[in-house]
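Survey of secondary and tertiary structure
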Amino acid sequence: MLMSIARGVAAGAAGVTALNAATYLDMAVRGGQASSTPEQSVEKLASTVGVRVPGTGATRQSRLSGLGALLGALTGTTVGAAYGVLRGLGWRPPVLVGALATTGAAMVAAAGPMTVLGITDPRRWTADDWLSDVIPHVAYGVVTAATFHATE
């Protein structure tokens, strides 16, 4: 089981790289700005547990940005680890089914807490918002499932 979890973490990390690449490519092609929701999530989580991210101005913003990116990487590797657990328990879907499952899990793991915290509401997203979210998460899901499969 530990080997399956480790492969899941590695596959999730590869998926995070694919998600980031797809996000940055989308920003480069369409000229969109980076989402501020990761930073808002860090700020809200810190406030909820009674911690303040130190600094002021650009220094504090850089910390929030870095912590937001780390939170995203943690989410992606955690979803990968969960995929590894399921594989370790005997679930053996085809790569495409695994990709769809990890895509959905990553979207819920990312947007779910932000929705609960009141940072975003997917029910109010535009088609463009959904496109900007779905495409990188599909890249994540495909790369995560394919990477896990390649390590077996």
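Residues numbered from 1 in each chain as written. Predicted model: local features only at pLDDT ≥ 70, side-chain atom pairs only at ≥ 80, totals over all residues. Heavy atoms only, no water.

1. Notes on the packing of aromatic side chains
Inspection of the entire model under this criterion finds three aromatic pairs. Between tyrosine 83 and phenylalanine 148, the aromatic rings sit 5.5 Å apart at their centres with planes inclined by 85°, giving edge-to-face as the arrangement. Linking tyrosine 83 in helix α3 (residues 57–88) with phenylalanine 148 in helix α5 (residues 127–151), this pair joins segments that are 65 residues apart in sequence. Look at phenylalanine 148 and you get buried, because its relative accessible area is 0%. (Phe/Tyr/Trp six-rings, centres within 6.5 Å; stacked < 30°, edge-to-face > 60°. Helix = DSSP H or I, 4+ residues; strand = E, 2+ residues; numbered from the N terminus. Buried < 20%, exposed > 50% of the residue type's maximum accessible area, 1.4 Å probe, protein only.)

2. Some words on the side chain of threonine 120
Positionally, threonine 120 belongs in the loop between α4 (95–116) and α5. A distance of 2.8 Å separates a polar atom in the side chain of threonine 120 from a polar atom in the side chain of tryptophan 125. Once residues lying within four places of it in the same chain are set aside, the contact partners of threonine 120 are Ala111, Met114, Thr115 and Trp125. (Polar contact = N/O pair within 3.5 Å; in protein donor to acceptor, adjacent residues only side chain to side chain. Contact = heavy atoms within 4.5 Å.)

3. Focus on α5
The end-to-end C-alpha distance of α5 is 36 Å, a good match for the 36 Å that 25 residues give at a rise of 1.5 Å each. Residues of α5 that are buried include every one of Asp133, Pro136, His137, Tyr140, Gly141, Thr144, Ala145 and Phe148, and no others. On its buried face, α5 is in contact with α1 (2–30), α3 and α4. (Expected span 1.5 Å × (residues − 1).)

4. As for a nonpolar patch on the surface
A contiguous nonpolar patch, built from Met1, Leu86, Leu89, Trp91 and Val97 and spanning about 480 Å² of accessible area, is present on the exposed surface. In this fold, leucine 89 is placed in the loop between α3 and α4. Its relative accessible area of 64% is what places leucine 89 among the exposed residues. (Patch = residues over 30% accessible without salt bridge, like charges linked within 9 Å, V, L, I, M, F, W, Y side chains within 5 Å. Areas by Shrake-Rupley, 256 points an atom, 1.4 Å probe, with all protein chains shown as cover. Salt bridge = Lys/Arg side-chain N within 4 Å of Asp/Glu carboxyl O.)

5. Remarks on the packing of α3 against α5
At a minimum axis separation of 11 Å, α3 and α5 run at an interaxial angle of 45°. One way to sum up the angle between α3 and α5 is to call them oblique. For the pair α3 and α5, the crossing hand works out as right-handed. On α5, the residues touching Gly76, Val79, Gly80, Tyr83, Gly84 and Arg87 of α3 are Tyr140, Thr144, Ala145 and Phe148. Broken down by class, the residue content of the contact of α3 with α5 amounts to five nonpolar, four polar and one charged. (Axes fitted to C-alpha atoms, helices over the stretch in contact; angles between N-to-C directions. Parallel < 35°, antiparallel > 145°, perpendicular 65-115°, else oblique. Left-handed = near helix turned anticlockwise from the far one by under 90°. Nonpolar A, V, L, I, M, F, W, Y, C, P; charged D, E, K, R; others polar.)

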